[in-house]
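Listed below are the residues making up each chain.
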Amino acid sequence: MADPTVLRDDLDLPVRLGPRPPRRVVSLVPSLTEAVAVTAPGLLVGATDWCSHPADLAVTRIGGTKNPDVPGILALAPDLVLANDEENRRPDLDALRAAGLPVWVTDVRTLDGAFRSLDRMLTAACALPRPGWLNEAEAAWAAVPRPSDGPRAIVPIWRRPWMVLGRDTFAGDLLCRFGVRLVHAGHAERYPAVPLPELLACRPELVVLPDEPYRFTAEDGPEAFPGVPATLVSGRHLTWYGPSLATAPTVLAQALAHPFLPGDPSGPGKKSTS
């Protein structure tokens, strides 16, 4: 029998894989779920309740990213569990490791880092051929022009309390590639909680409102920033690292090109009065 293979994940932690390529994979991250499901249909046996893509994904659901059903995962007897350092809690991952399951942890903070991480996860950890969608995504982003003097923006990701993108985030890196200058890019925290009066005092030139993790809409979010142009963006295209990266440049560019003022009757979801 062949010896087990020991690889190192994005955190440089050893991952002891079996002598054969993984045949049963559980994913604890929506982005990674979609990446594996599109690349190798049938390889996934479990995913979180939040794994919404592909839409026809038919696997066992094992709870949320922050509260996975550890006994349920063990019952699936996976060859590999995929996780993310930001999305998942370390005690849960330690519990899976203690039960003898190999856990591969990704750490994604930039677009280039996402490409490298996805390639290693799919080709090394999952022993799959490099997928065509990953090549398409790299080509799509390589074609994005890099303006240097775009609007100063705040990017809320939660409300009650208000939280925004700070330093060293994947979503922030994507927006910077369109010239968006994050007001809180130099903050000590990656996702700081900032009271609304302080956000308004920053005098932002743009408010970027994704629909996840908090579901901002034309009626819920822009009204808090009167007089400041706002734009609604797809959270999946802004925060997911997977097949959606191939279309993200087009989706994000279109959203950023059409900001609106709160209360504008011609804004998103508004009926024309003409």
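Before any of the text, the structure's been laid out above.
**Some details on the pattern of salt bridges**
Now for step 1: Going through the model one piece at a time under the given rule, you end up with 18 salt bridges.
Now for step 2: Of the charged contacts, one joins E223 and R159 as a salt bridge, the two residues approaching to 2.8 Å between their closest N and O atoms. Residue E223 is found in the loop between β12 (206-210) and β13 (230-233), and its partner R159 is found in the loop between β9 (156-158) and β10 (163-164); the two are separated by 64 residues along the sequence.
Now for step 3: We classify E223 as partly exposed; its relative accessible area is 39%.
Now for step 4: Since its relative accessible area comes to 14%, R159 is described here as buried.
Now for step 5: Here D173 makes a salt bridge to R177, at a shortest N to O gap of 3.3 Å.

**Observations concerning the environment of S31**
Now for step 1: With respect to the element layout, S31 can be found in helix α1 (residues 30-39).
Now for step 2: Relative accessible area serves as the criterion here: at 4%, S31 is assigned to the buried category.
Now for step 3: For the pair S31 and A171, spaced 140 residues apart in the sequence, the C-alpha separation amounts to 13 Å.
Now for step 4: Once you skip the residues sitting within four places of it in the chain, S31 turns out to touch T239, W240, Y241 and G242.
Now for step 5: A polar contact of 3.1 Å, which involves the side chain of S31, links it to the backbone nitrogen of Y241.

**Some words on the sheet that holds strand β6 (residues 80-84)**
Now for step 1: Strand order in the open sheet formed by five strands is β5-β4-β3-β6-β7, with parallel pairing between adjacent strands. Looking at which strands have only one partner, the edges of the open sheet turn out to be β5 (60-61) and β7 (103-106).
Now for step 2: Along the sheet, α1 contacts β3 (25-27), β4 (44-47), β6 and β7; its crossing angle with β4, the most-contacted strand, is approximately 165°.

**Re the nonpolar core**
Now for step 1: Within the largest apolar cluster, 54 residues are counted, with the highest numbers of intra-cluster contacts made by W141 and L245.
Now for step 2: Here the element with the most residues in this core is helix α4 (residues 111-125); it accounts for seven residues.

**Some details on the environment of R109**
Now for step 1: With respect to the helices, strands and loops of the structure, R109 is situated in the loop between β7 and α4.
Now for step 2: Note on R109: relative accessible area 26%, which makes it partly exposed.
Now for step 3: Within the structure, the side chain of R109 is placed 2.8 Å from the side chain of D168, a separation counted as a polar contact.

**With respect to the packing of aromatic side chains**
Now for step 1: Inspection of every chain in the model, using the stated rule, returns six aromatic pairs.
Now for step 2: A ring pair is formed by W162 and F216, whose centres lie 5.9 Å apart and whose planes are at 15°; its orientation type is stacked. Here W162 is found in the loop between β9 and β10, whereas its partner F216 is found in the loop between β12 and β13, with 54 residues between them in sequence. Like W162, the residue F216 is buried in the burial classification.
Now for step 3: The interplanar angle of 80° and the centroid separation of 5.3 Å between the aromatic rings of W162 and F225 together place this pair among those described as edge-to-face. Here W162, found in the loop between β9 and β10, pairs with F225, found in the loop between β12 and β13; they are 63 residues apart in sequence, far enough to count as distant. Of the two residues, W162 and F225, neither departs from the other in class, the shared state being buried.
Now for step 4: Grouping aromatic residues by their ring pairs yields a cluster made of W158, W162, Y214, F216 and F225.

**Brief notes about the side chain of R177**
Now for step 1: Structurally, the position occupied by R177 is in the loop between α6 (170-176) and β11 (181-182).
Now for step 2: Here R177 is in contact with L111, D112, W141, V144, P145, R146 and P147, once residues within four sequence places are set aside.

**Considerations on the sheet that holds β12**
Across a sheet, paired strands are connected by hydrogen bonds in the backbone, their directions being either parallel or antiparallel.
Now for step 1: Spatially, the four strands line up as an open sheet ordered β11-β8-β12-β13, and their pairing is parallel. What marks the edges here is a single partner per strand, and that holds for β11 and β13.
Now for step 2: By the bridge criterion, two bridges tie strand β8 (residues 152-154) to β11 in an arrangement that is parallel. From the neighbouring strand, A153 faces β11, where its bridge partner is L182.

**A few points about the pairing of strand β1 (residues 5-8)**
Now for step 1: Pairing geometry for β1 and strand β2 (residues 14-17), over four bridges, is antiparallel. Bridge pairing links L7 to V15 in β2.
Now for step 2: The loop that links β1 with its antiparallel partner β2 comprises five residues; one of these, D12, has a positive phi angle of about 65°.

**Quick notes on the packing of α1 against α4**
Now for step 1: Direction vectors running N to C along α1 and α4 enclose 50°, while the axes themselves pass 11 Å from each other. As the angle between them shows, α1 and α4 are arranged oblique. Considering the relative orientation of α1 and α4, their crossing is right-handed. The segment α1 lies against α4, with L32, A35, V36 and T39 engaging L118, M121 and L122.
Now for step 2: Counted by class, the contact of α1 with α4 contains six nonpolar, one polar and no charged residues.

Cut-offs applied
Along each chain, residues carry numbers from 1 onward, in the same order as the chain's sequence is written. Given that this is a predicted model, residues contribute local features only at a pLDDT of at least 70 and side-chain atom pairs are listed and counted only at 80 or more, while totals for whole chains, interfaces and linings are drawn from all residues. Each side-chain value is derived from all of the structure's non-hydrogen atoms; neither hydrogens nor water enter the calculation. The working definition used for a salt bridge is a side-chain nitrogen of Lys or Arg within 4 Å of a carboxyl oxygen of Asp or Glu. The secondary structure listing takes helices from DSSP runs of H or I that are at least 4 residues long and strands from runs of E that are at least 2 residues long, numbered from the N terminus. Exposed residues in this analysis have more than 50% of their type's maximum accessible area, buried residues have under 20%, and partly exposed residues fall in between, with area computed by a 1.4 Å probe over protein chains only. Whether two residues are in contact is decided by their heavy atoms, any of which lying within 4.5 Å being enough. In the analysis that follows, any N or O atom pair within 3.5 Å is treated as a polar contact, provided that within protein one partner can donate a hydrogen and the other can accept it, and provided that, for residues neighboring in sequence, both atoms belong to side chains. Paired strands are those between which DSSP finds at least two bridges. To obtain each axis, a line is fitted to C-alpha atoms, and for helices this fit is confined to the stretch in contact; angles are then taken between N-to-C directions over 0 to 180 degrees. Remark: nonpolar core denotes a set of buried residues (Ala, Val, Leu, Ile, Met, Phe, Trp, Tyr, Cys) joined through side-chain atoms within 4.5 Å. When two rings of Phe, Tyr or Trp (its six-membered ring) have centres within 6.5 Å they constitute a pair, described as stacked for plane angles under 30 degrees, edge-to-face for angles over 60, and tilted for the intermediate range. To sort the angles, those under 35 degrees are grouped as roughly parallel, those over 145 as roughly antiparallel, those from 65 to 115 as roughly perpendicular, and the leftovers as oblique. Should the near helix be turned anticlockwise from the far one by less than a right angle, the crossing is left-handed, and should it be turned clockwise, the crossing is right-handed. When residues are sorted by character, Ala, Val, Leu, Ile, Met, Phe, Trp, Tyr, Cys and Pro go into the nonpolar class, Asp, Glu, Lys and Arg into the charged class, and all the rest, Gly among them, into the polar class.

Read these as geometric descriptors, not functional statements.
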